[in-house]
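Notes for the structure review
Now for the letters of each chain:
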Amino acid sequence: MKIIMLGAPGAGKGTQAKMLADKYEIPHISTGDIFRANIKNETELGKKAKEYMDKGLLVPDELTCNLVVDRIQQEDCKKGYILDGFPRTIPQAEALDKALTELNDKIDYAINVEVPDENIVGRMSGRRACVGCGATYHIVYNPTKEEGICDRCGKELILRDDDKPETVQKRLNVYHEQTQPLIDFYKNKGVLKEVDGTVDMNDVFNAIVKVLES
Ligand code: ADP
Ligand code: ADP
Ligand code: ZN
């Protein structure tokens, strides 16, 4: 099963992708997590990506597409995978499409998690991310058992720099301009499924599973 998660920043793509990856035992591939790991390890890619991420801008397609195209050809992706945060532009979607066609493969579902802008700022300011495994929590909607400590791996939680309100608005604008057109792109391919992302995260999950198993 090859799945793309679509939705605004903070819509809950990562939360759902992690739950789906656990259920279906397929890898969760988050370009945001890959860039953050590169920043942490101070790689060349990390240095370049950071310049854009800190400003709430997208990392250029040239730095993003090959990375994903390589990743999905690894052994653990044979059964399927969940792409979270990629593609984010039409050229990225076209590059993915081209690579999949060459591999005689295709995306099965693009799941759009719908959350209106007015809910997003509250989600982002309350989001806490694990420095170890990338799991995300929310101080109100999805708190950890012990404050500031990841339930999954025991490492420390942080508020991401780009989740501060001034950057969030910028990221939302970028989303509407560059990423939202992907909804029509995947609708035209006949693989788009929409779910209401404003309800409890377990209900969002059940709605997605229903789509995948119908
Ligand atoms: P969120 O889950 O809040 O949408 P991500 O972790 O997916 O955030 O992404 C964080 C940042 O990483 C983005 O704002 C962007 O700068 C960069 N990024 C992640 N994925 C991509 C991508 N596919 N193309 C370009 N930039 C990306
Ligand atoms: P994305 O990957 O789309 O940027 P996340 O999965 O990181 O989004 O979720 C953003 C924030 O909202 C996190 O703090 C997360 O715990 C919280 N969240 C996710 N899904 C829901 C939901 N259905 N209801 C309330 N909060 C949610
Ligand atoms: Zn963790």
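For the structure, see preceding data.
Residues numbered from 1 in each chain as written. Chains lettered and ligands numbered in written order. Predicted model: local features only at pLDDT ≥ 70, side-chain atom pairs only at ≥ 80, totals over all residues. Heavy atoms only, no water.

1. Section: the sheet that holds strand β6 (residues 136-138)
- Taken in spatial order, the 3 strands of this open sheet run β6-β5-β7, and their pairing is antiparallel. Of all strands in the sheet, those bounded by a partner on one side alone are β6 and β7 (157-158).
- Two strands pair when backbone bridges link them, and strand β5 (residues 127-130) and β6 are joined in this way by 3 bridges, in the antiparallel orientation. Residue pairing in the sheet places R127 in a bridge with H138 of β6.
- The strands touched by helix α6 (residues 117-125) within the sheet are β5 and β6, with β5 carrying the most contacts at an inclination of about 45°. (Pairing = 2+ DSSP bridges. Helix = DSSP H or I, 4+ residues; strand = E, 2+ residues; numbered from the N terminus. Contact = heavy atoms within 4.5 Å. Axes fitted to C-alpha atoms, helices over the stretch in contact; angles between N-to-C directions.)

2. Re the coordination of the zinc ion (ligand 3)
- For the zinc ion (ligand 3), the full set of protein donor atoms is C130 (SG), C133 (SG), C150 (SG) and C153 (SG), and the range of their distances to it is 2.3 to 2.4 Å.
- Donor residues binding the zinc ion (ligand 3) come from one chain and are separated in sequence as C-x2-C-x16-C-x2-C. Taken together, the residues span a long stretch of sequence, with C130 in strand β5 and C153 in the loop between β6 and β7 at a distance of 23 residues.
- On the basis of relative accessible area, C130 is assigned to the buried category, the value being 6%.
- Under the relative-accessibility criterion, C153 is labelled partly exposed at 35%. (Donors = N, O, S within 2.8 Å, 3.2 Å for Na, K, Ca; no water. Buried < 20%, exposed > 50% of the residue type's maximum accessible area, 1.4 Å probe, protein only.)

3. Overview of the environment of V113
- If you trace the backbone, V113 turns up in strand β4 (residues 109-114).
- Sequence separation between V113 and C150 is 37 residues; the distance between their C-alpha atoms is 24 Å.
- If sequence neighbours within four positions are ignored, V113 has contacts with M5, L6, G7, A11, V195, G197 and V204.

4. Concerning the packing of aromatic side chains
- Following the criterion strictly, the structure yields 1 aromatic pair and no others.
- A centroid spacing of 4.9 Å and a plane angle of 75° characterise the contact between F185 and Y186, whose relative ring orientation is edge-to-face. Each member of the pair F185 and Y186 is classed as buried.
- Stacked on the ring of Y24, the Lys or Arg K23 has its end atom at 5.6 Å from the ring centre. (Phe/Tyr/Trp six-rings, centres within 6.5 Å; stacked < 30°, edge-to-face > 60°. Lys NZ or Arg CZ within 6 Å of the ring centre and 35° of its normal.)

5. Concerning the site of ligand 2
- Neighbouring ligand 2 are 19 residues, the closest being G10, T15, R127, Y137 and V199.
- A distance of 2.8 Å is found between an oxygen atom of ligand 2 and a backbone nitrogen or oxygen belonging to G10.
- At 3.2 Å from an oxygen atom of ligand 2 is found a main-chain nitrogen or oxygen belonging to A11.
- In isolation ligand 2 exposes 560 Å². Once the protein is present, 93% of that is buried.
- Across the shell around ligand 2, the residue classes tally to 8 nonpolar, 7 polar and 4 charged. (Near = heavy atom within 4 Å. Polar contact = N/O pair within 3.5 Å; in protein donor to acceptor, adjacent residues only side chain to side chain. Areas by Shrake-Rupley, 256 points an atom, 1.4 Å probe, with all protein chains shown as cover. Nonpolar A, V, L, I, M, F, W, Y, C, P; charged D, E, K, R; others polar.)

6. Looking at the sheet that holds strand β3 (residues 81-84)
- An order of β2-β3-β1-β4-β8 is seen for the 5 strands of this open sheet, with the pairing classed as parallel. Each end of this open sheet is capped by a strand with a single partner; those strands are β2 (28-30) and β8 (192-196). Going across the sheet, the axis of each strand differs from the next one's by a mean of 25°, ignoring polarity.
- Where β2 lies against β3, 3 bridges are found, and the strand directions are parallel. Looking at β3, one finds that H28 is bridged to I82.

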